[in-house]
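Residue-level listing of the chains:
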Amino acid sequence: MKIAIFGTGYVGLVTGACLAQVGHNVCCVDVDKDKVASLRAGVIPIYEPGLKDVVEHAVAEGRLSFTTDAREAVDHGEVIFIAVGTPPDEDGSADLRYVLAVGKTVAEHMQDYRLVVTKSTVPVGTADKVKSAMTEVLEARAATIAFDVASNPEFLKEGAAVSDFMKPDRIVVGTDSPRVEKLMRELYAPFNRNHDKLIFTDVRSSELTKYAANALLATKISFMNELANIAEKVGADIEQVRQGIGSDPRIGYHFIYPGCGYGGSCFPKDVKALVKTAEDLSYAPQLLSAVDAVNDRQKERLFQKLRIRFGDDLTGKTIALWGLAFKPNTDDMREAPSRTLMEALWAAGAKVRAFDPEALHEAERLYGDRDDLQLCSSAFEVLDGADALVICTEWQQFRSPDFAEIKQRLTHAVIVDGRNLYDPALMAEKGIEYFSIGRGR
Ligand SMILES: NC(=O)c1ccc[n+]([C@@H]2O[C@H](COP(=O)([O-])OP(=O)(O)OC[C@H]3O[C@@H](n4cnc5c(N)ncnc54)[C@H](O)[C@@H]3O)[C@@H](O)[C@H]2O)c1
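Residues numbered from 1 in each chain as written. Predicted model: local features only at pLDDT ≥ 70, side-chain atom pairs only at ≥ 80, totals over all residues. Heavy atoms only, no water.

Per an unreviewed UniProt entry, the protein chain goes by the name UDP-glucose 6-dehydrogenase and belongs to Exilibacterium tricleocarpae. What UniProt states about the protein chain under its Sequence similarities (unreviewed entry) heading is, verbatim, "Belongs to the UDP-glucose/GDP-mannose dehydrogenase family." (UniProt positions renumbered as here; feature names shortened; annotations may be inferred.)

Written as structure tokens, this is what we have:
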């Protein structure tokens, strides 16, 4: 099938590349000229395991192209995905300006039937808004052209996006139209061979399903962080509690790791947007508001632990940081706990030396002009002369480091661990002061 994708970010690029990989002919369009130029030159602007190979292969086979020309993309794709950003507005609601702009662009250029599919995470009612925006443009053109707008939220995880897309748990499509159902079945047939993963719902239920999934996952994390803070107060070890509850099949082990808060481009903004949707309809979403508030508080925990150890005035102190990305296997630093920590440290007068296996270039882009941040290209280099090591992201390479070398390089043998990677008893044995989440000191 001929497909167009608007937006070549984490979702759009992965979607385009994977659809091309299974044989569709995909044209990806983005307003960011530099991004398109680099994709055309074979440079993938983001770090996502396996993505480079899939893109290179599909481009070489002639099934994947990149453009800044919206008309070319609209001409090309009978099915057009909207995969542009939906960043939070000042009041927490999702900013729909990019999504609606794409709807209007499609309506300006389309000459015959088009199926527009919202893959961006959008509040309930957005498909109707896209439809209205398109109808307005078509009326202004005095054009009578049939089109449909469907919802197809994306559930991929950054860091495993390609495999998630290629082997989805489920593919949710919101539509009331048999024509759309037929097109979407054809489009997703290559991903649907083992058993039927397609779930057709009405449009609004599909839009809400995405928020429900992210809000539930965020709730599990905030729940465990709340419990971790209580565990510290009562002298229990949250890691033992985690094992104790995870073994219950009704609860399970997934997504119950305590830590320094959730970040990324989805959970924080999606929980806030869902809260706003509910409030706009005069419903007070108490649980969701608490999930968000608990997370904001949790992101401050690492800084609080440093203050407990070193006092309020951190002037002259240097803190070493392992992990800048909001989670492992990505270079994405949107809403990352590392950012909350670094900003608090700078405000308290401290300097930061930081390492991340993939996000250094992103940190350079965000904070490159600061002289109180030194980005280092090796994990051990950041330790030299630092007063403490803080772990923000659980990259695999941090799981079993040479503790003797850490101790030797740090000025004080202090580790503040936001991901509970180490055994407190082992740290005590090695003579390291160890602060973790919900256990230890
Ligand atoms: N990142 C994730 O893990 C993830 C997972 C599921 C869903 N989502 C949702 O998918 C959407 C996209 O997220 P992302 O992380 O890929 O965003 P992103 O910021 O990485 O990419 C968005 C891209 O859209 C482009 N763009 C903006 N306006 C455009 C226009 N008019 N025409 C063409 N391109 C345009 C931007 O230049 C940018 O390259 C969001 O709604 C997000 O909530 C993200």
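Colleague: I tried to follow the nonpolar core on my own but got confused; where do I start?
Modeller: One broad rule of soluble globular proteins: the nonpolar side chains tend to lie buried together. Trp-322 and Ile-415 are the most contacted members of the largest nonpolar core, which has 56 residues in total. Among residues more than four places away in sequence, those in contact with Ile-415 are Leu-389, Ile-391, Phe-403, Ile-406, Tyr-422, Met-427, Ile-432, Glu-433, Tyr-434 and Phe-435. Grouped together as the second largest cluster of nonpolar side chains are 41 residues, Val-54, Leu-64, Leu-156 and Leu-198 included. (Core = buried A, V, L, I, M, F, W, Y, C linked by side-chain atoms within 4.5 Å. Buried < 20%, exposed > 50% of the residue type's maximum accessible area, 1.4 Å probe, protein only. Contact = heavy atoms within 4.5 Å.)

Colleague: Sorry, what's going on with the packing of helix 13 (residues 301-310) against helix 14 (residues 337-347) here?
Modeller: A pair of packed helices can be characterised by two numbers: the angle between their axes and the separation between those axes. The contact between helix 13 and helix 14 brings their axes to 8 Å, and the two run at 40 degrees. With respect to helix 14, the element helix 13 is oriented oblique. Residues Leu-302, Phe-303 and Leu-306 of helix 13 pack against Leu-341, Ala-344 and Leu-345 of helix 14. (Axes fitted to C-alpha atoms, helices over the stretch in contact; angles between N-to-C directions. Helix = DSSP H or I, 4+ residues; strand = E, 2+ residues; numbered from the N terminus. Parallel < 35°, antiparallel > 145°, perpendicular 65-115°, else oblique.)

Colleague: For this particular structure, what's the right way to read the UniProt feature "binding site: NAD(+)" (unreviewed entry) in the protein chain?
Modeller: According to UniProt, the positions carrying the feature "binding site: NAD(+)" (unreviewed entry) are Asp-30, Lys-35, Thr-86, Thr-121, Glu-158, Lys-269 and Arg-334. These annotated residues cover 305 residues of sequence, and their C-alpha atoms reach 23.9 Å apart at the extremes, leaving them scattered rather than at a single site. If you take the residues mentioned a moment ago, the ones lining the largest cavity come down to Thr-121. Tracing the backbone through its elements, the reader meets Lys-35 in helix 2 (residues 33-40). Among the residues examined, Lys-35 registers a relative accessible area of 23% and is labelled partly exposed. Apart from residues no more than four positions distant in its own chain, Lys-35 is found in contact with Thr-8, Gly-9, Asp-30 and Pro-45. Its location among the elements puts Lys-269 in helix 11 (residues 267-280). Using a relative accessible area of 13% as the deciding quantity, one classes Lys-269 as buried. Sequence-distant contacts of Lys-269, that is, excluding residues within four places in its chain, are made with Thr-86, Pro-87, Pro-88, Gly-92 and Thr-121. Polar contacts involving the side chain of Lys-269 include one to the side chain of Thr-86, which spans 3.3 Å. (1 Å grid on protein atoms, 1.4 Å probe; cavity = no way out; pocket = protein on both sides within 12 Å on 5 of 7 lines; lining within 4 Å. Polar contact = N/O pair within 3.5 Å; in protein donor to acceptor, adjacent residues only side chain to side chain.)

Colleague: I keep staring at the domain arrangement of the protein chain and nothing clicks. Help me out?
Modeller: Here the domain parsing of the protein chain yields domain 1 (2-201), domain 2 (211-296) and domain 3 (299-435). The C-alpha centroid of domain 3 is placed 24 Å from the C-alpha centroid of domain 2. Counting residues at the interface gives 15 residues for domain 2, matched by 15 residues for domain 3. In total, domain 2 and domain 3 occlude about 1200 Å² of area from one another, counting both sides; carbon and sulfur atoms represent 48% of this. Remark: the boundary between domain 2 and domain 3 carries 2 salt bridges. For the salt bridge of Glu-232 with Arg-301, the shortest nitrogen-to-oxygen distance reads 2.5 Å. Put simply, domain 2 and domain 3 have 8 residue pairs in polar contact (both at pLDDT 80 or more) between them. Among the elements of the structure, helix 9 (203-234), helix 10 (238-246) and helix 12 (286-298) are those that each provide at least two residues to the side of domain 2 that touches domain 3. (Domains from an automatic or database assignment. Buried area = accessible area lost by both parts, 1.4 Å probe. Salt bridge = Lys/Arg side-chain N within 4 Å of Asp/Glu carboxyl O.)

Colleague: What exactly am I supposed to notice about the pairing of strand 6 (residues 147-151) here?
Modeller: Side chains on a regular strand alternate between the two faces of the sheet. With respect to burial, strand 6 is a largely interior element, 5 of its 5 residues being buried. Side chains Phe-147, Val-149 and Ser-151 project from strand 6 onto one buried face, and the interleaved Asp-148 and Ala-150 project onto a second face that is buried too. Where strand 5 (residues 114-118) and strand 6 come together, 5 bridges link them in parallel fashion. By the bridge assignment for strand 6, Thr-118 is matched with Ser-151. Crossover strand 5 to strand 6 through helix 6 (residues 126-140) is right-handed. (Pairing = 2+ DSSP bridges. Right-handed = clockwise from strand over helix to strand, strands pointing away.)

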